[in-house]
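# Architecture and fold: a report
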Amino acid sequence: GAGVSQSPSNKVTEKGKDVELRCDPISGHTALYWYRQSLGQGLEFLIYFQGNSAPDKSGLPSDRFSAERTGGSVSTLTIQRTQQEDSAVYLCASSLNDPGSSPLHFGNGTRLTVT
Amino acid sequence: LAKTTQPISMDSYEGQEVNITCSHNNIATNDYITWYQQFPSQGPRFIIQGYKTKVTNEVASLFIPADRKSSTLSLPRVSLSDTAVYYCLVGDKTLTGGGNKLTFGTGTQLKVEL
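Here is a short report on the structure shown in this document. (Residues numbered from 1 in each chain as written. Chains lettered and ligands numbered in written order. Predicted model: local features only at pLDDT ≥ 70, side-chain atom pairs only at ≥ 80, totals over all residues. Heavy atoms only, no water.)

## Digging into the overall build of chain B
Within chain B, the regular secondary structure consists of zero helices and nine strands. Mapped in sequence order, the helices and strands of chain B form the string β-β-β-β-β-β-β-β-β. Taking 114 residues into account, the globule formula puts the C-alpha radius of gyration at 13 Å, and chain B, at 14 Å, falls close to it. Overall size of chain B, expressed as C-alpha extent along the three principal axes, is 50 × 30 × 20 Å. The proportion of buried residues among the 114 residues of chain B is 47%. Once local pairs closer than 6 in sequence are excluded, the contacts in chain B between residues at least 24 apart make up 54%. Roughly 5800 Å² of accessible area belongs to chain B as shown, and the carbon and sulfur atoms make up 52% of that amount. Averaging the coordinates of the 10 positive side-chain charges in chain B and doing the same for the 9 negative ones gives two points 9 Å apart. (Helix = DSSP H or I, 4+ residues; strand = E, 2+ residues; numbered from the N terminus. Rg over C-alpha atoms; globule rule 2.2 N^0.38 Å. Buried < 20%, exposed > 50% of the residue type's maximum accessible area, 1.4 Å probe, protein only. Contact = heavy atoms within 4.5 Å. Areas by Shrake-Rupley, 256 points an atom, 1.4 Å probe, with all protein chains shown as cover. Lys, Arg positive; Asp, Glu negative; His and termini not counted. Charge placed at Lys NZ, Arg CZ, Asp CG, Glu CD.)

## Examining the sheet that holds strand β6 (residues 65-69) of chain A
Residue and element names in this part refer to chain A. Here we have four strands laid out as an open sheet, ordered β1-β3-β7-β6, and antiparallel in their pairing. Looking along the sheet, the strands with just one partner apiece sit at the ends: β1 (5-7) and β6. Averaged over all pairs of adjacent strands, the angle between strand axes in this sheet comes to 15°, irrespective of strand direction. Two elements, β6 and strand β7 (residues 75-79), share five bridges in a ladder whose sense is antiparallel. (Pairing = 2+ DSSP bridges. Axes fitted to C-alpha atoms, helices over the stretch in contact; angles between N-to-C directions.)

## Points about the packing of aromatic side chains
Where two aromatic rings form a pair, the distance of their centres and the angle of their planes describe that pair. Residues and elements named next belong to chain A. All chains considered together, the criterion is met by twelve aromatic pairs over all chains. For the pair tyrosine 35 and phenylalanine 45, a centre-to-centre distance of 6.1 Å together with 75° between the ring planes defines the contact as edge-to-face. Of this pair, tyrosine 35 sits in strand β4 (residues 31-37) while phenylalanine 45 sits in strand β5 (residues 43-50), and the two are ten residues apart along the sequence. Of the two residues, tyrosine 35 and phenylalanine 45, neither departs from the other in class, the shared state being buried. (Phe/Tyr/Trp six-rings, centres within 6.5 Å; stacked < 30°, edge-to-face > 60°.)

## Observations regarding the pattern of salt bridges
All names here are of chain A. Per the stated rule, a full pass over the model turns up three salt bridges over all chains. For arginine 36, the salt bridge identified is with glutamate 44, shortest N-O distance 3.1 Å. By relative accessible area, which is 31% here, glutamate 44 ends up partly exposed. Salt-bridge contacts for arginine 64 lead to aspartate 86; the nearest nitrogen and oxygen are separated by 2.8 Å. (Salt bridge = Lys/Arg side-chain N within 4 Å of Asp/Glu carboxyl O.)

## Quick notes on the interface of chain A and chain B
Listed by partner, the interface residues are 22 residues for chain A and 20 residues for chain B. Approximately 1700 Å² of surface area, both sides summed, lies buried where chain A meets chain B, with 54% of it carried by carbon and sulfur atoms. Scanning the region where chain A abuts chain B turns up zero salt bridges. Our count for the contact surface shared by chain A and chain B stands at five residue pairs in polar contact (both at pLDDT 80 or more). Secondary structure elements with two or more residues in the side of chain A that touches chain B: β4 and β5 of chain A. Tallied by class, residues from the side of chain A that touches chain B come to ten nonpolar, nine polar and three charged. (Buried area = accessible area lost by both parts, 1.4 Å probe. Polar contact = N/O pair within 3.5 Å; in protein donor to acceptor, adjacent residues only side chain to side chain. Nonpolar A, V, L, I, M, F, W, Y, C, P; charged D, E, K, R; others polar.)

Put into structure tokens, the structure is as follows:
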């Protein structure tokens, strides 16, 4: 079956512009995560959605970052007024149930470059 | 908050067994231990998961002692294609307590040579 799909795969934008990154999780997966990975670094947690519960936004680095998940499926991560330090790979993952016991399935990410 | 500690890097040769140990002293009673593999330009991929004792699948084994404060991923007879970053992951409850943030550590860069 289809895995987690992210679009675009690459995005180059100018400093100060807004960008939207999209994630299509595996159908039926209730949990959805966004992570950020800078070059050569580990994964930095950004936000977590679980079903209809309020998302855990504790990892968002500033108020320029926001995310939503419509209808419990597709998610969009929005970065406003992008800065050069926002350049990174943004990874989305979903899991079937409780992510602590159900494996995460990752997309291949969106590589964001802010010039 | 749960935190994991792994070696930053390891080197091995083809055909050898590789053991990567992760410490997680603050693991909670309900937390599972999960290992992921990541190749360049790809998202992490699930390898194996366990709660206690030993788990084995077609690619790896996972050893977890009784106190669960550490775990060891064992890769039998590695090949060049096993060169990747390996992450150990335990639960990390959300602020609302309703789920797991699943915080990744820095991972272990495994390099396999001929």
